[in-house]
Amino acid sequence: MTNGKTNSPFNCKINNGTVYHYCSVDTLMSILSSRTLRATNIRKSNDYHEVISSITTFQNSFFDACECFRNEYPDPAFDECFEKLNSDDFIRSLIDNDSLTYYCVCFSEKKDLLSQWRGYADDGRGVAIGVDEFCFSRFTNYCHIKYHPILYDDKDLYEKLKSYYFDQFKRLKTSSTKSLSVFDYIYLSDGIFSSMVYNAIFCKDESFSEEHEYRLVYYPFGEIRNLKYRNKHQDITTYEAFYDRMHDLVESPEEYDKLIRKPVR
């Protein structure tokens with residue numbers, strides 16, 4: 001999936017401007033001396049709304065899109081799929097999955113924002129480091145690394161997601177030369193649910209909108225949940241693949257052109 005290929009609100013074009021990382025002077029010196037930005041596991045944040053704050057919007061837009069699709073493209077197989085879906089349990093299992101981890105570096109579009117000085121720059125005694133966001137957006141690969149602005153408007157997000165989900169079902173229906181099965185619809189729905197949780201890191205409550213935040217997110221395990229199915233010989237279990245990936249993260253760097261993910265510490 002690449003920018004411009006779908007109408008997903010999480011595929012918006014990134015401007016080549018400047019964003020700012022607020023920090024203390026000590027942190028600035030560490031960044032300059034090591035040439036490293038430290039990414040934090042956002043699931044360890046003291047903000048319990050992280051990741052889960054937008055799930056209700058995701059779910060409502062999905063089910064309303066399903067209703068629209070059922071009305072426009074009646075299909076008994078889709079009706080059966082719709083009855084089988086349990087998004088609450090499915091999404092909760094994805095959120096609770098240990099392999100779903102977000103490591104984030106946070107920036108602001110604003111270079112002189114009082115709340116950022118107070119909260120992240122040593123109560124105004126620190127600095128705001130300006131970074132050309134093209135350095136990050138060029139490495140977005142929609143599997144391991146993604147750079148994107150935070151979305152704060154729930155109503156706008158709802159409308160865009162509803163349109164996106166409807167279009168996904170419509171594309172499946174109109175491009176198929178055979179009758180679709182319940183499995184076809186469930187397979188697509190599972191992918192949509194996974195996308196919800198994958199992109200939930202880029203949603204925050206409107207009360208945070210004055211931060212004008214952007215995030216560079218590293219997903220350590222990428223598509224780890226699909227490894228078992230992509231392995232032709234089925235000679236490893238999902239758990240073995242998961243822990244092999246953990247070992248690689250700890251021990252080895254990973255290069256993305258000029259961007260290097262250093263060993264996890």
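Because the structure is a prediction, the values reported are computed rather than measured. (Residues numbered from 1 in each chain as written. Predicted model: local features only at pLDDT ≥ 70, side-chain atom pairs only at ≥ 80, totals over all residues. Heavy atoms only, no water.)

Asks: Mind laying out the nonpolar core, listing which residues take part and the relevant values?
Replies: Core analysis: the largest hydrophobic core is formed by 39 residues, its most contacted members being Phe58, Phe62, Tyr102, Tyr165, Phe169, Tyr185 and Ile201. Of all the elements in the fold, those that place two or more residues in this core are helix H2 (55–72), helix H3 (76–84), helix H7 (154–175) and helix H8 (182–199). The leading source of residues in this core is H8, at eight residues. Val105, Phe107, Ile145 and Tyr214 belong to the second largest nonpolar core, which has 14 residues in total. (Core = buried A, V, L, I, M, F, W, Y, C linked by side-chain atoms within 4.5 Å. Buried < 20%, exposed > 50% of the residue type's maximum accessible area, 1.4 Å probe, protein only. Helix = DSSP H or I, 4+ residues; strand = E, 2+ residues; numbered from the N terminus.)

Asks: Give a detailed account of the pattern of salt bridges, specifying residues and quantitative values.
Replies: Under the definition given, this model contains 10 salt bridges. Taken together, the shared-partner salt bridges connect Lys204, Glu211, Glu213 and Arg215 into one network. (Salt bridge = Lys/Arg side-chain N within 4 Å of Asp/Glu carboxyl O.)

Asks: Kindly report on the packing of H2 against H7, identifying the contributing residues and their values.
Replies: Taken N-terminus to C-terminus, the directions of H2 and H7 make an angle of 40°; their axes are 8 Å apart at the nearest point. Accordingly, the angle class assigned to the pair H2 and H7 is oblique. Taken as a pair, H2 and H7 cross one another with a handedness that is right-handed. On the side of H2, the interface is formed by Thr57, Phe58, Asn60, Ser61, Phe62, Asp64, Ala65, Cys66, Cys68, Phe69 and Glu72, while H7 contributes Asp154, Leu157, Tyr158, Leu161, Lys162, Tyr165, Phe166, Phe169, Lys170 and Lys173. (Axes fitted to C-alpha atoms, helices over the stretch in contact; angles between N-to-C directions. Parallel < 35°, antiparallel > 145°, perpendicular 65-115°, else oblique. Left-handed = near helix turned anticlockwise from the far one by under 90°. Contact = heavy atoms within 4.5 Å.)

Asks: Lay out the environment of His49 with the relevant residues and their values.
Replies: Along the chain, His49 turns up in the loop between strand E2 (40–41) and H2. Residue class for His49 comes out partly exposed when judged on its relative accessible area of 38%. Measuring from C-alpha to C-alpha, the distance between His49 and Cys203 comes to 9.9 Å, with 154 residues separating the pair along the chain.

Asks: Run through the state of the cysteines, naming residues and quoting values.
Replies: Under the definition given, this model contains zero disulfides. Among the cysteines around Cys81, which has no disulfide bond, Cys66 carries the closest sulfur, lying 7.0 Å off. With a relative accessible area of 0%, Cys81 lands in the buried category. (Disulfide = S-S within 2.5 Å.)

Asks: Quick rundown of the pairing of strand E5 (residues 145–149)? Include the residues and the values.
Replies: Counting buried positions along E5 yields five of five residues, so the element is predominantly enclosed. Along E5, one buried face is formed by Ile145, Tyr147 and Pro149 and the opposite face, lined by Lys146 and His148, is buried too. Pairing geometry for E5 and strand E6 (residues 213–218), over five bridges, is antiparallel. For Pro149, the partnering residue across the bridge sits in E6 and is Tyr214. (Pairing = 2+ DSSP bridges.)

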